[in-house]
Amino acid sequence: MTANNLSGPRSVRLRGGATIPQLGFGTFQIPPEETAQAATKALELGYRHIDTAAGYDNEAQVGEALKALGSDRDDVFVTTKLRNGEQGYDSALAAFEASRRRLQVDVVDLYLIHWPVPRKEKYVETWRAFAKLLDEGAVRAIGVSNFLPEHLGRLIDETGVVPAVNQVEVHPGFSQPTTLESCVAHGVTVEAYSPLGQGADLKNPVVTKIAADLGVTPAQVILQWHLNKGRVVIPKSTHAERMRENLDVFDFSLHQSQLDALDGLHDDGNRIGNDPTTAEFTQMH
Ligand code: A2P
């Protein structure tokens, strides 16, 4: 193995100064009734970064798992997101308070606009509310999710406030280089959601071949690729052994040729989640 990025950094410093553990635990698609148990297990295994969203309906259960940690809760980096239906200045501030209550935390580490919902034309005024939360110290960092280059550019042009993070779908089959380049150009940290392609990319023959060559698992190959690229990454699993496996990725590296092979798998047609130009489910429930 070459020392391409041996022991990749465990934390990333975000714009504005907050420090985020580079590998976190994702809770998208974990049903509320399973979330407290899964999050508790992840925390027990050493995850110190949990990602949730008002729209996942599992913030309260993440809050329960955090509360059980007692004073160690302060060491856990917590991200949540604003529901699309709550966009707008006043509604975003009210929704934030509800999220904070459900999570049972005083300060949210990272608060994200979940989707741009461009047709509604509300993300710029929503962003001004986020800037207020940052100024007041209610959040340590603010960011966006699913923002394409045009949304990111407009937000920055109209407010002068650059997001710390853009959380977008990234996995080997769909690494959307144009969006990621726009993040880099603005100094916005990329967070990869569905980093394993919701499991689908684990079967890709390029991935499985690299895993066999290195004596690691396909999930570890993909996660190491994300870490090498400097992305924050939030794999999801409800199985303890997989949670452990996904955390155990800091003691091997990928050759440049392997990184290039993984980069080469991108195809615009491989998006799994919704398209940010049109996605606008209200998530009001
Ligand atoms: P499960 O939750 O049953 O363990 P993503 O993070 O890209 O959304 O991928 C999550 C999917 O990948 C889930 O279906 C999860 O299944 C599965 N998964 C997560 N980690 C691993 C792993 N190390 N090996 C195999 N499958 C995994």
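What comes next concerns the included structure. (Residues numbered from 1 in each chain as written. Predicted model: local features only at pLDDT ≥ 70, side-chain atom pairs only at ≥ 80, totals over all residues. Heavy atoms only, no water.)

Further remarks concern the pairing of strand β7 (residues 139–145). Two faces make up the sheet, and in a regular strand the side chains alternate between them. The buried fraction of β7 amounts to 6 of the 7 residues, a majority that puts the element mostly inside the structure. In this sheet, β7 lies alongside strand β6 (residues 108–113) in parallel orientation, the contact comprising 5 bridges. Considered in β7, the bridge of valine 108 is made with valine 139. In this fold, β6 hands off to helix α4 (residues 123–136), which returns the chain to β7; that crossover is right-handed. (Buried < 20%, exposed > 50% of the residue type's maximum accessible area, 1.4 Å probe, protein only. Helix = DSSP H or I, 4+ residues; strand = E, 2+ residues; numbered from the N terminus. Pairing = 2+ DSSP bridges. Right-handed = clockwise from strand over helix to strand, strands pointing away.)

This paragraph deals with the site of the ligand. Within the structure, the ligand sits among 16 residues, and Leu196, Gln198, Ser237, Arg242 and Asn246 are positioned closest to it. Within the backbone of leucine 196, an N or O atom sits 2.7 Å from an oxygen atom of the ligand. One of the backbone N or O atoms of glycine 197 is found 3.3 Å from an oxygen atom in the ligand. Expressed as a share of its isolated accessible area of 570 Å², the protein-covered part of the ligand is 82%. With 3 residues, the single largest contributor to the shell around the ligand is helix α9 (residues 240–247). (Near = heavy atom within 4 Å. Polar contact = N/O pair within 3.5 Å; in protein donor to acceptor, adjacent residues only side chain to side chain. Areas by Shrake-Rupley, 256 points an atom, 1.4 Å probe, with all protein chains shown as cover.)

It is worth spelling out the packing of aromatic side chains at this point. A complete count under the given rule lists 6 aromatic pairs for this structure. Here the aromatic rings of phenylalanine 25 and tyrosine 47 are separated by 5.5 Å at their centres, their planes lie at 65°, and the arrangement is edge-to-face. Of the two residues, phenylalanine 25 is situated in strand β3 (residues 25–26) and tyrosine 47 in the loop between α1 (32–45) and β4 (49–51); the sequence distance between them amounts to 22 residues. Each member of the pair, phenylalanine 25 as well as tyrosine 47, carries the same accessibility label: buried. Summarising the aromatic geometry, the rings of tyrosine 123 and phenylalanine 147 are spaced 5.2 Å apart at their centres and angled 70° between planes, so their arrangement reads as edge-to-face. Of this pair, tyrosine 123 sits in helix α4 while phenylalanine 147 sits in the loop between β7 and α5 (149–159); the two residues are 24 residues apart in sequence, bridging distant segments of the chain. You'll find tyrosine 123 and phenylalanine 147 in the same group, each marked buried. Grouped by ring-pair contacts, the aromatic residues Phe96, Tyr111, Trp127 and Phe130 constitute a single cluster. The ring of phenylalanine 250 carries the charged tip of arginine 10 above its face, separated from the ring centre by 4.2 Å. Geometry around tyrosine 123 places arginine 154 over its ring, the cationic atom sitting 5.5 Å from the centre. (Phe/Tyr/Trp six-rings, centres within 6.5 Å; stacked < 30°, edge-to-face > 60°. Lys NZ or Arg CZ within 6 Å of the ring centre and 35° of its normal.)

Right, let's get into unusual backbone geometry. Even without a glycine there, the phi angle at glutamine 29 is positive, about 75°. Note that glutamine 29 resides in the loop between β3 and α1. The backbone of serine 194 sits at a positive phi, close to 45°, despite the residue not being glycine. Mapped onto the secondary structure, serine 194 falls in the loop between β9 (189–193) and α7 (205–214). Residue classification places serine 194 among the buried residues on the basis of a relative accessible area of 11%.

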